[in-house]
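# Structural overview for review
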Amino acid sequence: LAYVAALDEALEHDPQDAELWTLRGNVEEVSGAFGRGQRGGASSIVFYQEAIRRVPGHFGAHHYLIHSYEHVGLFDEALKHGQVYSAAASQVPHALHMYGHDLMKTGQMDKAIEIFARARKLEQVYYDDEKILREYDWHHTHNTALLALSHRHMGQVAEAQRLLEDAASVPQPRAGRGSYFRSLVADL
């Protein structure tokens, strides 16, 4: 409550600050995800929209709107913000991935496959350039799984299996994540 009060007071003094509007939207999250921008709902949407009204290209607010609109089941709205976010941050795998989320959810599977695959290629370039292992990037297996599920949806089972086996082979920091990917392979 003190944090909310401090943000509200800061907004009273500087209502033009899009970052404050974005942080205020984060406060509205549900399901214990407070402050991450991933579990917003109808109340968070208002704050993120205000951030975009103040700074139209604010890709952080667009990112959070994707999650918020998904959370309330408005996938066409999420898709619009995914397109903006992925264009604004076209070299960021997660930005592409978020656009792919809603392409997938709106039945645009060919385009979702293209976008998830681009994100996967960008990830690999990053791993190679920075000389890090993909197991340190939670995003890699998540993106790979959605790419595989998109292929499966299109009837491309062999490619889906190859990708899911690849995702299952990545060491996971939590045992449950590894078994999740292995179970997807088993379900093919």
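Here, the structure is the one placed above.
Computed from a prediction, not measured in an experiment: that's the story for all the values here.

Criteria and thresholds
Residues numbered from 1 in each chain as written. Predicted model: local features only at pLDDT ≥ 70, side-chain atom pairs only at ≥ 80, totals over all residues. Heavy atoms only, no water. Axes fitted to C-alpha atoms, helices over the stretch in contact; angles between N-to-C directions. Helix = DSSP H or I, 4+ residues; strand = E, 2+ residues; numbered from the N terminus. Parallel < 35°, antiparallel > 145°, perpendicular 65-115°, else oblique. Left-handed = near helix turned anticlockwise from the far one by under 90°. Contact = heavy atoms within 4.5 Å. Nonpolar A, V, L, I, M, F, W, Y, C, P; charged D, E, K, R; others polar. Core = buried A, V, L, I, M, F, W, Y, C linked by side-chain atoms within 4.5 Å. Buried < 20%, exposed > 50% of the residue type's maximum accessible area, 1.4 Å probe, protein only. Salt bridge = Lys/Arg side-chain N within 4 Å of Asp/Glu carboxyl O. Lys, Arg positive; Asp, Glu negative; His and termini not counted.

Once that is clear, we can look at the packing of helix α4 (residues 59-71) against helix α6 (residues 93-105). One can describe the packing of α4 onto α6 by two numbers: an axis separation of 11 Å at closest approach and a directional angle of 25°. With respect to α6, the element α4 is oriented roughly parallel. By crossing handedness, the relation of α4 to α6 is classed as left-handed. In this structure, α4 contributes H63, I66, H67 and E70 to the contact, and α6 contributes H94, M98, H101, D102 and K105.

The next thing to look at is the packing of α4 against helix α5 (residues 75-88). Direction vectors running N to C along α4 and α5 enclose 155°, while the axes themselves pass 8 Å from each other. Classified by the angle their axes make, α4 and α5 are roughly antiparallel. Viewed along their axes, α4 and α5 form a crossing whose handedness is left-handed. Where α4 approaches α5, its residues F59, H62, H63, L65, I66, Y69 and E70 are matched on the opposing element by F75, E77, A78, H81, G82, V84, Y85 and A88. When its residues are assigned to classes, the contact of α4 with α5 shows nine nonpolar, four polar and two charged.

As a rule of thumb, nonpolar side chains are buried together in soluble globular proteins. Core analysis: the biggest nonpolar cluster contains 21 residues, and L65 and Y85 have the highest contact counts within it. Counting only elements with at least two residues in this core, the list comes to α1 (2-13), α2 (18-27), α3 (42-54), α4, α5 and α6. In contact with L65, not counting residues within four places along its chain, are I45, Y48, Q49, I52 and H81. Ranked by size, the runner-up nonpolar core spans 18 residues in total, among them I113, L147, L149 and A160.

This part covers the pattern of salt bridges. This structure, assessed with the given rule, holds ten salt bridges. Its salt-bridge partner being E50, residue R53 comes within 2.8 Å of it at the nearest N-O pair. Linking R53 with E50, this pair stays in helix α3, spanning three residues, or about one helical turn. Given a relative accessible area of 56%, R53 falls into the exposed group. Under the relative-accessibility criterion, E50 is labelled buried at 15%. Taken together, the shared-partner salt bridges connect D8, R24 and E28 into one network.

Its location among the elements puts D102 in helix α6. The charged side chain of D102 is buried without a salt bridge, its nearest counter-charge being K105 at 4.8 Å. Leave out the neighbours within four places in its chain, and D102 touches I66, E70, F75, A78 and L79.

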